[in-house]
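Fold and geometry: a report
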Amino acid sequence: MNAPAFAPGGRIDEAKTLVPVRIAVLSVSDTRDETTDTSGQVLADRITGAGHVLAARTIVRDEIEAIRSQVKAWVASGEVDAVITTGGTGITGRDVTPEALQPLFDKTLDGFSVVFHMVSYQTVGLSTLQSRATAGIMGGVFVFCLPGSNGAVKDGWDKVISAQLDSRHGPCNMVDLMPRLMER
């Protein structure tokens, strides 16, 4: 049985100027360090390759308080527009990224998980059920939580996040909304 093919809508208007987004990368892992964090490196390379600013990059253990502390610090700094985490979204006992961050979301981006799973299904089939990829907004900062595999990071960035963090993407994008995220 072949997986249904989905063609994404929208497009990049090359006539427009890219507005660089300041993005922090947080790798969540009990086993990786700076030299072995390949998924974090994949994200960093793609972020800068797309013309954005790699505002920060670090690794924390699969511990709720460590994850929360780092993301909250970046959000409070005012130096980050988006955070992308990699790792800790699986279903094992040590996977706690959603538990760490979802309670802190001001708003949950429900569609992110749906679209990520549609894209992931094209690559890994039903194994996508093992991911709890999620996204939300914290203090005016977009937070995307991806699985820790290189393939999942590539799918998440290349096919979902990158277009929405590209100011040239239409019919709409998240960059255009950034100034309004803290409206009351």
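One can find the structure itself at the top, above this paragraph.
Residues numbered from 1 in each chain as written. Predicted model: local features only at pLDDT ≥ 70, side-chain atom pairs only at ≥ 80, totals over all residues. Heavy atoms only, no water.

Overview of the sheet that holds strand E2 (residues 22–28)
The mixed open sheet is built from 6 strands, whose spatial order is E3-E2-E4-E7-E6-E5. In this open sheet, the two strands that pair with only one neighbour each are strand E3 (53–60) and strand E5 (107–108). In the sheet, strand E4 (residues 82–86) pairs with strand E7 (residues 141–146) via 5 bridges, with the strands oriented parallel. Across the sheet, residue Thr86 finds its bridge partner in E7, namely Leu146. (Pairing = 2+ DSSP bridges. Helix = DSSP H or I, 4+ residues; strand = E, 2+ residues; numbered from the N terminus.)

Things to note about the layout of surface pockets
Taken as a whole, the largest pocket spans an internal volume of roughly 600 Å³. In terms of lining, the largest pocket is formed by 24 residues, of which the most central are Pro8, Val115, Val119, Lys159 and Val160. When contributions to the lining of the largest pocket are tallied by element, the ones reaching two or more residues are strand E1 (11–12), helix H4 (110–124) and helix H5 (150–164). For the lining of the largest pocket, the class distribution of residues is 15 nonpolar, 6 polar and 3 charged. (1 Å grid on protein atoms, 1.4 Å probe; cavity = no way out; pocket = protein on both sides within 12 Å on 5 of 7 lines; lining within 4 Å. Points joined across faces, edges and corners; volume = space filled by probe spheres on them. Nonpolar A, V, L, I, M, F, W, Y, C, P; charged D, E, K, R; others polar.)

Brief notes about helix H1 (residues 38–49)
An α-helical turn contains 3.6 residues, so a residue and the one three or four places further along point in the same direction. The end-to-end C-alpha distance of H1, which contains 12 residues, comes to 16 Å, matching closely the 16 Å that a straight helix rising 1.5 Å per residue would cover. All of the buried residues along H1 are Ser39, Gly40, Val42, Leu43, Ala44 and Ile47. For H1, the elements touching its buried residues are E2, E3, E4 and H5. Regarding H1, its N-cap is Asp37, as a side-chain oxygen of that residue lies 3.0 Å from the backbone nitrogen of Gly40 further along. Looking one or two places after H1, you find Gly51, whose phi comes out positive at around 95°. (Expected span 1.5 Å × (residues − 1). Buried < 20%, exposed > 50% of the residue type's maximum accessible area, 1.4 Å probe, protein only. Contact = heavy atoms within 4.5 Å. Polar contact = N/O pair within 3.5 Å; in protein donor to acceptor, adjacent residues only side chain to side chain.)

Regarding unusual backbone geometry
Residue Pro171 is bonded to the preceding Gly170 through a cis peptide linkage, with omega at 20°. If you trace the backbone, Pro171 turns up in the segment after strand E8 (169–170).

A closer look at the packing of aromatic side chains
Scanning the model with the defined rule gives 3 aromatic pairs in all. Their ring planes at 25° and their centres at 6.2 Å tell us that Phe112 and Phe116 sit as a pair that is stacked. Taken together, the residues Phe112 and Phe116, both in helix H4 and 4 residues apart, mark about one turn of the helix. When sorted by exposure, Phe112 lands in the same class as Phe116, which is buried. The structure contains a cluster of three or more aromatic residues connected by ring pairs, namely Phe112, Phe116, Phe142 and Phe144. (Phe/Tyr/Trp six-rings, centres within 6.5 Å; stacked < 30°, edge-to-face > 60°.)

Structural notes on the environment of Leu109
Residue position: Leu109 is located in the loop between E5 and H4. Along the backbone, Leu109 and Gly136 are 27 residues apart, and their C-alpha atoms lie at a distance of 4.8 Å.

Focus: a nonpolar patch on the surface
A grouping of Val114, Val115 and Met118 is seen on the molecular surface, where their side chains present a nonpolar patch of about 230 Å² in accessible area. In this fold, Val115 is placed in helix H4. (Patch = residues over 30% accessible without salt bridge, like charges linked within 9 Å, V, L, I, M, F, W, Y side chains within 5 Å. Areas by Shrake-Rupley, 256 points an atom, 1.4 Å probe, with all protein chains shown as cover. Salt bridge = Lys/Arg side-chain N within 4 Å of Asp/Glu carboxyl O.)

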